[in-house]
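# Observations on the model geometry
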Amino acid sequence: MAGGRAVIWPEAVLPLAGLFAWIAGAVLSAGALLWIWHHGERARPDRFGLMAASSASAVWCALAAALGPDHGAAVIAAMMRNLALIATIFSLFAADGRSNSLKPVRPVIVALVMVQLMQLVVLWIGASLGSSAEVGQAAFEARVLIDMLVAIGALMLLHNLYAGAAAVMRPVLRWTGMALTGIFAYDLNLHTLAYLGGAMPPVLSDVRGLLAGAMAVIFALGMNAAGPRVQFSPSRTVTFRTLSLLLIGGYLGGMVLIAKSLALLGGDVARASQAVFVVAAILAAGLALPSPRLRGWLRVTATKHLFQHRYDYRQEWLRFTRTIGRGTAGGASLEERVVKALADITESPAGLLLMPNEQAQLELTARWNWPTIAVPAVAGEFALSGLLEQHNLVLALDEARAGTDHHGEGLHVPHWLMEAEDAWALVPLIHFDRLVGVIVLARPRTARQLDWEDFDLLRVAGQQLASYLSEQAGQQALMDASRFDEFNRRMAFVMHDIKNLVSQLSLLAANAEKHADNPAFRADMLVTLRNSADKLSALLARLGRYGAGQASASGEIELVALARGIAARFGGVRKVHLTRDEPVRVIGNREALEQALIHLVQNAVDASHDASPVFLDVTAEGVTGSIEVVDAGHGMSPEFVRTGLFKPFVSSKPGGFGIGAFEARELVKAMGGRVTVESREGIGTRFAVALPLAEAVRLAGASDDAANQEAM
């Protein structure tokens, strides 16, 4: 019984499937007719021809489903469908202006119509001569030959139509021509097989109805003013998963084929070989399928060969805005999210954010997934910053390593980037023609070269990221200004109260001079009161430095003597050693410089262990002298050095006010100097205060005086 069912089941199901195919063709053709009637562009030259063809196709499929495809009525309906298609081809020639210039077109159209009408003659002769097998076979072969000739002629016309069409007509012809070619190419192959085999293949004949309905749907899709706008455009995700399924299917098919081949060996050898092969194949699949490199290769291959553009811009923009708009579970900063947002575009596994300091030198601001790369304190000189800013240049580091030079950047790319093989690209972040930062992208897992689409997208994304960073900096500046305003108001109140106190003490001292009878008491009281008044006046002057004009009085400062005084001041608290004692004289305000250095030394003491000393190093280099404060303490992260160290009201110490380092830098800047810092977490920190040498200032002044005298 089971064997009988295996034979009977296809014989029962195939006719039913063929019936459904013809019914589906009729429904699709009727639907296409209604669509073209209601929504089709009325100015299209092929509109009426396609409506007639869809109508005839619906009638033909319905008759074939009801009476069978070989019934005379169904054959006549198929003939009418073909005549409507030939009329459509002729209308397209006429619309392109070639009905008069291409004289052979009309005779071919007329010949095809006459050949197609021969179907009626064949049907009449077959019906007149009776229903013998010989007559039926001869009529069948004649009908098949007629359909073959019509299909060949139609395909030749379609080739000439599209090959010689004007550029403006090709969008109109594309989908209509594709559907016409599909219909006649299928008919040619089907009738060739039928003529050679002496009978119509039943399965292929039934599929003909479904194909007719599908082609009618394509007619409808292409019926608009500018040609078809509906395109099959699967997303990258669908394409990637489809290719993955194809690879898995190929893998399984290969496994089956090899296993079956091994079975031909026979005996125990075959079974052992099959077992070994299955185990090896499973292990290979287990290693390959989870591999990020394999997935990256598959994605790059699909993008390269299946899509016009490398990127799905809609998906990239959505992912980009999601990354920037909300932090991750780990509370990543905006700077880290900026790096991640750009790295995700190129599937880079890591990245760095470098931002310019006050001297336009690039410094490390944030890392994302790249803890191993060593970045120096000055990651890039100002020349590189200026070049990237001027040309908005996305720099491919592989090209720089190969010696390719577009704008002279080869001389300015730092050595640490050239030596880091994982470093792949430099992307400038430009906002209103100003360099906000530079992102260094790591090499993707799947090696590839940057192309024009990468450059364009990275440049635009960099500009967007620069606007986010600039907006954050502007908001931070507003917050700082607001807090400074409040701070200044409080200082004004304090200064007002201190002034009143000084006035009262001064009045008390004056009264004591007049009314005290005891000379000794009077003298002591006067000394005490005057000392208090002097201290309060000094405090008032110190508080006044927060306003304008601080550190205005300049003179020569001997840095070694100043360093020794500071070391002695901290001697009772922590060991502060002076490492060099060569005299170095600079120009500045001694009191302000001492105050700034005390801030820095105090920070070093607070950041170090109790037994760890702090070192003061006095040096002279070029036209500047510097004093460095070095400790082996906790160190600071690059992000804090960049965003928090010199920001007022931001402190890494519990209860700290966060204004000491800021005040130190402002005091040094007011003297024409600068403060730089290098710090590594767990290693220590080095602050350097640089001021112009006194001798250099004198020489510059003498040169200016000589130039002025010559001008006079």
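Let me begin by describing the structure that accompanies this report. (Residues numbered from 1 in each chain as written. Predicted model: local features only at pLDDT ≥ 70, side-chain atom pairs only at ≥ 80, totals over all residues. Heavy atoms only, no water.)

## Here we look at the pairing of strand β1 (residues 351-356)
Counting buried residues along β1, six of its six residues qualify, which places the element largely inside the surrounding structure. Going residue by residue along β1, you find Gly-351, Leu-353 and Met-355 tucked away on one face and Leu-352, Leu-354 and Pro-356 tucked away on the opposite face as well. Of the pairings in the sheet, the one linking β1 to strand β2 (residues 362-368) comprises six bridges and is antiparallel in character. Looking across to β2, one finds that Pro-356 is bridged to Leu-362. In this antiparallel pair of consecutive strands, β1 and β2, the connection spans five residues, and Ala-360 shows a positive phi of 65 degrees. (Buried < 20%, exposed > 50% of the residue type's maximum accessible area, 1.4 Å probe, protein only. Helix = DSSP H or I, 4+ residues; strand = E, 2+ residues; numbered from the N terminus. Pairing = 2+ DSSP bridges.)

## A look at the sheet that holds β2
Taken together, the five strands give an open sheet; going across it, the order is β2-β1-β5-β4-β3, and neighbouring strands pair in antiparallel fashion. Bordering the open sheet on either side are β2 and β3 (395-396), each of which pairs with just one other strand. Lying over the sheet, helix α12 (residues 334-346) contacts β1, β2, β4 (423-431) and β5 (434-442), oriented at roughly 70 degrees with respect to β2. Each of β2, β4 and β5 touches helix α13 (residues 382-391); the most contacted strand, β4, lies at about 70 degrees to it. (Contact = heavy atoms within 4.5 Å. Axes fitted to C-alpha atoms, helices over the stretch in contact; angles between N-to-C directions.)

## Overview of helix α2 (residues 47-67)
The end-to-end C-alpha distance of α2 is 30 Å, a good match for the 30 Å that 21 residues give at a rise of 1.5 Å each. The set of residues buried in α2 consists of Arg-47, Gly-49, Leu-50, Met-51, Ala-53, Ser-54, Ala-56, Ser-57, Ala-58, Trp-60, Cys-61 and Ala-64. Phi turns positive one or two residues past the end of α2, at Gly-68, with a value near 105 degrees. (Expected span 1.5 Å × (residues − 1).)

## Description of the packing of aromatic side chains
Going through the model one piece at a time under the given rule, you end up with two aromatic pairs. Summarising the aromatic geometry, the rings of Trp-22 and Trp-60 are spaced 5.2 Å apart at their centres and angled 80 degrees between planes, so their arrangement reads as edge-to-face. Of this pair, Trp-22 sits in helix α1 (residues 2-39) while Trp-60 sits in helix α2, and the two are 38 residues apart along the sequence. We note that Trp-22, like Trp-60, is buried. One residue, Arg-47, lies across the ring of Phe-48, its end atom 5.5 Å from the ring centre. (Phe/Tyr/Trp six-rings, centres within 6.5 Å; stacked < 30°, edge-to-face > 60°. Lys NZ or Arg CZ within 6 Å of the ring centre and 35° of its normal.)

## Regarding the pairing of β4
Of all the nine residues making up β4, nine are buried; the element is thus mostly covered by neighbouring parts of the structure. Pairing of β3 with β4 involves two bridges; the strand directions are antiparallel. Looking at β4, one finds that Leu-395 is bridged to Leu-426. Taken together, the eight bridges between β4 and β5 define a ladder with antiparallel strand orientation. Its bridge partner lying in β5, Ile-430 is registered against Leu-435. Two successive antiparallel strands, β4 and β5, enclose a turn made up of two residues, where Phe-432 displays a positive phi of approximately 50 degrees.

## Some remarks on empty space enclosed by the protein
All chains considered together, the criterion is met by two cavities of 30 Å³ or more. There is about 230 Å³ of room inside the largest cavity. Every residue lining the largest cavity is counted, 19 residues in all, and those nearest its centre are Pro-69, Val-75, Asp-147, His-191 and Arg-208. When residues of the lining of the largest cavity are traced back to their parent elements, those giving at least two are α3 (72-95), α4 (105-129), α5 (133-163) and α7 (202-221). Examining the composition of the lining of the largest cavity, we find that five residues originate from one element, α3, more than from any other. Taken together, the residues of the lining of the largest cavity sort by class into 10 nonpolar, five polar and four charged. Estimated volume of the second largest cavity: approximately 40 Å³. Taken together, Ala-53, Ser-54, Ser-57, Arg-81, Leu-85, Ile-183, Ala-212, Ala-216 and Phe-219 make up the full set of residues lining the second largest cavity. Sorting the residues of the lining of the second largest cavity by element identifies α2, α3 and α7 as the ones contributing at least two each. When its residues are assigned to classes, the lining of the second largest cavity shows six nonpolar, two polar and one charged. (1 Å grid on protein atoms, 1.4 Å probe; cavity = no way out; pocket = protein on both sides within 12 Å on 5 of 7 lines; lining within 4 Å. Points joined across faces, edges and corners; volume = space filled by probe spheres on them. Nonpolar A, V, L, I, M, F, W, Y, C, P; charged D, E, K, R; others polar.)

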